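Letter by letter, the chains look like this.
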Amino acid sequence: MASGPASIGFVGLGNMGIPMVTNLVAAGFDVVASDVSPEARSRAAEAGASAVDTAREVAAAAGTVILMLPNSQIVKSVVDSMVGSLAPGSLVIDMSSSEPLRTRELAEQLATRRIRMIDAPVSGGVGGAVAGKLTIMVGGSPADVASAAPVLAAMGRVVPAGPIGAGHAIKALNNLLSATHLWITAEAMTAGERFGLDPAVMLEVFNSSSGRSGSTENKFPNFVLTERYDSGFGLRLMLKDMRIATELASQVGVPSILGEEAVTLWAEAADELDPAADHTRVAQYVATAERGAIAT
Ligand code: NAD
């Protein structure tokens, strides 16, 4: 497959990265992709991308590079490895759920080399990534956001969020809400079941009433009640996002009291459960009296 400045680079080929690459290829982009995992690189090749061993090779082959990595620390180390190979004028798009203040620092560092950066984290989960229907919240200068629009449109709907870091801030705040909803939904469902209520009836009522949320509409029916626990979003990644949001709230002088309590609870679950546990396992954790006894 041809590569060159018009190619799209992609680093981070996990649960989200692979379906996003698949949609970029389907939209006609030449994608040059990399991941530390050889299996992930093979999956990208199967999806029609040119798989290369290192992020540096991605940087040398593409004028636009998308990152879909676990966290800000890894984003920084990957960008450091690429920076000498990125041409001036290149665009780095961090679609990971990263820390907004670290994103701003990284963008400032890249700007000294005339490399542009925007943040474009997503919601919609693996299902949204597969369907090409992610919500993409984008932070950056209007000109840089506009230049990324055709690429982002292959993966979902773009919502301009504000200056650099704005997308990452909204993403973290959204996940603080989502995680808090999931925990309280698990508590309510468990109490209702112990009272003798039918879970399906509870969800039907919640979903046509004011208790509804993504947890009642999607996570409980699809991943918890089915006992599949396979949403494709790791519990530890959710906890990372919750911490980003509560730290942001503290930094701006409005500490989130309920949010910090939710972080404590989720951290306790993360300590008990398998490191690779799906985030929907917290519902099982909440429901189980002998919490230490859950096998994941
Ligand atoms: P994942 O763990 O499935 O994938 C991450 C990938 O990054 C892995 O393939 C891993 O090998 C690779 N990687 C790690 N370090 C690397 C390095 N130094 N160089 C190259 N590759 C490296 O994670 P995911 O679920 O795909 O999530 C990716 C990002 O998207 C995270 O920031 C997450 O919070 C966010 N996110 C996930 C979901 C979801 O539903 N899974 C939804 C929205 C946002």
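Residues numbered from 1 in each chain as written. Predicted model: local features only at pLDDT ≥ 70, side-chain atom pairs only at ≥ 80, totals over all residues. Heavy atoms only, no water.

Per an unreviewed UniProt entry, the protein carries the name 3-hydroxyisobutyrate dehydrogenase and comes from Cnuibacter physcomitrellae. Quoted verbatim from the Sequence similarities (unreviewed entry) heading of the UniProt record, the comment on the protein is "Belongs to the HIBADH-related family." (UniProt positions renumbered as here; feature names shortened; annotations may be inferred.)

(A) Broad picture of the UniProt feature "active site" (unreviewed entry) in the protein. If you check UniProt for "active site" (unreviewed entry), the listed places come out as Lys171 in our numbering. Here Lys171 lies in helix α8 (residues 166-195). Judged by its relative accessible area of 8%, Lys171 falls in the buried class. Not counting residues within four places of it along the chain, the set of residues in contact with Lys171 comprises Ser97, Pro121, Val122, Ser123, Met137 and Asp241. (Helix = DSSP H or I, 4+ residues; strand = E, 2+ residues; numbered from the N terminus. Buried < 20%, exposed > 50% of the residue type's maximum accessible area, 1.4 Å probe, protein only. Contact = heavy atoms within 4.5 Å.)

(B) Summary view of the site of the ligand. Taken together, 23 residues sit near the ligand, with Asn15, Asp35, Leu69, Gly232 and Lys240 positioned nearest. The contact in question runs from an oxygen atom of the ligand to an N or O atom on the backbone of Asn15, over 2.9 Å. With respect to the ligand, the backbone of Val36 contributes an N or O atom lying 3.4 Å from a nitrogen atom. In isolation the ligand has 830 Å² of accessible area, and contact with the protein removes 83% of it. (Near = heavy atom within 4 Å. Polar contact = N/O pair within 3.5 Å; in protein donor to acceptor, adjacent residues only side chain to side chain. Areas by Shrake-Rupley, 256 points an atom, 1.4 Å probe, with all protein chains shown as cover.)

(C) Layout of the side chain of Arg41. Among the structural elements, Arg41 can be located in helix α2 (residues 38-46). By relative accessible area, Arg41 is classed as buried at 15%. Not counting the four nearest positions on each side in its chain, Arg41 is found in contact with Leu13, Ser34, Asp35, Val36, Ala51, Val52 and Asp53.

(D) Quick look at the pattern of salt bridges. Scanning all chains against the criterion turns up 6 salt bridges. The residue Lys76 makes a salt bridge to Asp80 at a minimum N-O spacing of 3.0 Å. Of this pair, Lys76 and Asp80 both sit in helix α4 (residues 72-82), separated by 4 residues, roughly a single helical turn. Residue classification places Lys76 among the partly exposed positions, given a relative accessible area of 28%. When its relative accessible area of 42% is taken as the criterion, Asp80 is described as partly exposed. (Salt bridge = Lys/Arg side-chain N within 4 Å of Asp/Glu carboxyl O.)

(E) Seen up close, helix α5 (residues 100-111). A rise of 1.5 Å per residue sets the reference length of α5, with its 12 residues, at 16 Å; its end C-alpha atoms lie 16 Å apart and thus fit the reference within 8%. For α5, the set of buried residues is Pro100, Thr103, Leu106, Ala107 and Leu110. What you see down the axis of α5 is that its buried residues fit within an arc of 115°, all on one side. As for α5, its buried residues are in contact with α4, β5 (91-94), β6 (116-119), α8 and α11 (235-251). (Expected span 1.5 Å × (residues − 1). Arc of directions from axis to C-beta.)

(F) Focus on the domain arrangement of the protein. By the assigned domains, the protein splits into domain 1 (8-162) and domain 2 (169-293). Each of domain 1 and domain 2 was reduced to a C-alpha centroid, and the two centroids are 28 Å apart. Facing 14 residues of domain 1, the contacting portion of domain 2 comprises 11 residues. When the two sides are added together, the surface that domain 1 and domain 2 hide from each other amounts to roughly 970 Å², 66% of it contributed by carbon and sulfur. Three residues, Ser97, Pro100 and Met137, lead the burial of domain 1 against domain 2; their summed loss comes to 40% of the area buried on that side. The tally of links from domain 1 across to domain 2 stands at 0 salt bridges. At the level of elements, α5 and β7 (122-123) are the ones that each hand at least two residues to the side of domain 1 that touches domain 2. Counted by class, the side of domain 1 that touches domain 2 contains 8 nonpolar, 5 polar and 1 charged residues. (Domains from an automatic or database assignment. Buried area = accessible area lost by both parts, 1.4 Å probe. Nonpolar A, V, L, I, M, F, W, Y, C, P; charged D, E, K, R; others polar.)

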